[in-house]
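Here is how the chains run, residue by residue.
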Amino acid sequence: MPDIFATLRGLVGMKDYSSDSEVPFRVGKGGQAMSSTLYPEYYQLAKDGRIHHYTTPDEGVAPGTDVAGTAAAIVIHNPTGSAEDISILDARMVYESGTLGAGPVYWVRAPNSTDAVPTGTDMLYTPGYMNGRGRPGSIRALYTATIAAADPTIWRMFGSLDASLATSVVGMTVIPDHVAGQLIIAPGWWVAIMGDAAAGTTPLVGISVSVMTSPV
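Each chain carries its own residue numbering, running from 1 in the written order of its sequence. Given that this is a predicted model, residues contribute local features only at a pLDDT of at least 70 and side-chain atom pairs are listed and counted only at 80 or more, while totals for whole chains, interfaces and linings are drawn from all residues. As a convention, hydrogens and water are excluded, and side-chain values are obtained from all of the structure's heavy atoms.

Before we move on, can you summarise the overall build of the protein with the specific residues and values?
Broken down by element type, the protein carries 2 helices and 16 strands. To be clear on the numbers: accessible area is Shrake-Rupley with a 1.4 Å probe, and residue cover counts the displayed protein chains and nothing else. Split by element, the accessible area of the protein, about 11,200 Å² in all, is 56% carbon and sulfur. Only DSSP runs of H or I covering at least 4 residues are called helices, and only runs of E covering at least 2 are called strands; the numbering of each starts at the N terminus.

So, in structure tokens, the structure goes:
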């Protein structure tokens, strides 16, 4: 019987980040894959320029009050003709100022790929690998955005806001959502974060999103 593990050792490699060379895939005596936690799983993706971070400005954005409307806190758009898919890795929301209205916040998506291009202001960009490269052209990350048509499709819950303000015991410190690549935006599609909360009084939050790009 052929030694399948010997075959794996010869055919499958993993990156040696210290020397940037390939090293053999390691298999234990029981057939288990041997791995190291020295570097997190996203290290090489960031080094390869495929991890990107987007953040709203420090003055914040309105979280939104109507998930069936057209006003979105942020939008991540993959333009038609892009050669890459965009995977949402992580997102988080923090309190900025004003009085928050209580209610849910959702991830929503375009009902179909023929929707018109969303509009808004470019979010602040930081590459996963600080090497001086510019913003990738395949991603449009917008805040205080407007989607083309009302009543987008709800994808999943993002979090929930408490009715609170800066001088009270603020229930929201950080709302994290580790999407971990479960949402992939194909060319021509977009996703957004929209609140469906009470109006409050000039409520503003900060939002950051981390994404990964990969060839279509």
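Give a description of the nonpolar core that names residues and reports values.
Nonpolar side chains in soluble globular proteins tend to end up buried together. Here, the term nonpolar core denotes a set of buried Ala, Val, Leu, Ile, Met, Phe, Trp, Tyr and Cys residues that are joined through side-chain atoms within 4.5 Å. Per-residue accessibility, obtained with a 1.4 Å probe over protein chains only, is compared with the maximum for each type, and a residue is labelled buried under 20%, exposed over 50%, and partly exposed between these values. Counting 31 residues, the largest nonpolar core has Ile76, Ile88, Met93 and Ile207 as the members making the most contacts within it. Broken down by secondary-structure element, the contributors of at least two residues to this core are strand S6 (71-78), strand S7 (84-99), strand S8 (103-109), strand S11 (140-146), strand S12 (153-161), strand S14 (183-185), strand S15 (189-195) and strand S16 (201-215). A contact between two residues is defined here by any heavy atoms of the two lying within 4.5 Å. Dropping the residues within four chain positions of it, Ile207 is found in contact with Tyr54, Thr55, Thr56, Val61, Ala73, Ile74, Arg92, Met93, Met123 and Ile193. Formed by 12 residues, the second largest nonpolar core is a distinct cluster that contains Val75, Ala110, Ala145 and Ile147.

Any details on the environment of Glu84? Residues and values, ideally.
With respect to the helices, strands and loops of the structure, Glu84 is situated in strand S7. The sequence separation of Glu84 and Ser214 amounts to 130 residues, and the corresponding C-alpha distance is 5.3 Å.

Describe the sheet that holds S8, listing the residues and the values that go with them.
Being paired, for any two strands, means DSSP has found at least two bridges between them. Pairing in this open sheet of 6 strands is antiparallel, and the strands run S9-S11-S6-S15-S8-S12 from one edge to the other. Looking at the sheet topology across the chains shown, the edges are occupied by strand S9 (119-122) and S12. This sheet shows a mean twist of 30° between the axes of neighbouring strands, independent of strand direction. Note: S9 against S11, 3 bridges, orientation antiparallel. Bridge pairing in S11 places Thr121 opposite Tyr143. Working convention: axes come from line fits to C-alpha atoms, limited for helices to the stretch in contact. Angles between N-to-C directions cover 0 to 180 degrees.

Pulling in residues and values, what's your account of the pairing of S11?
Taken together, the 6 bridges between S6 and S11 define a ladder with antiparallel strand orientation. When the sheet's bridge partners are listed, Ala72 is paired in S11 with Ala145.

So, the packing of aromatic side chains: which residues are in play, and what are the values?
Any Phe, Tyr or Trp ring, taking Trp's six-membered ring, that has another such ring centre within 6.5 Å forms a pair; planes under 30 degrees apart are called stacked, those over 60 apart edge-to-face, and the others tilted. Evaluation of the coordinates by the stated rule reveals 3 aromatic pairs. Both rings, one in Tyr54 and one in Tyr125, keep their centres 5.2 Å apart while their planes meet at 40°; by these two values the pair is tilted. Of this pair, Tyr54 sits in strand S5 (residues 51-55) while Tyr125 sits in strand S10 (residues 124-127), placing them 71 residues apart in sequence. Residues Tyr54 and Tyr125 agree in their burial class; the two are buried. Judged by centre distance (6.3 Å) and plane angle (80°), the rings of Trp107 and Trp155 are edge-to-face. Residue Trp107 is located in strand S8, and its partner Trp155 is located in strand S12; the two are separated by 48 residues in the primary sequence. When its relative accessible area of 1% is taken as the criterion, Trp107 is described as buried. Each member of the aromatic cluster is reached from another via a ring pair, and the members are Trp107, Trp155 and Phe158.

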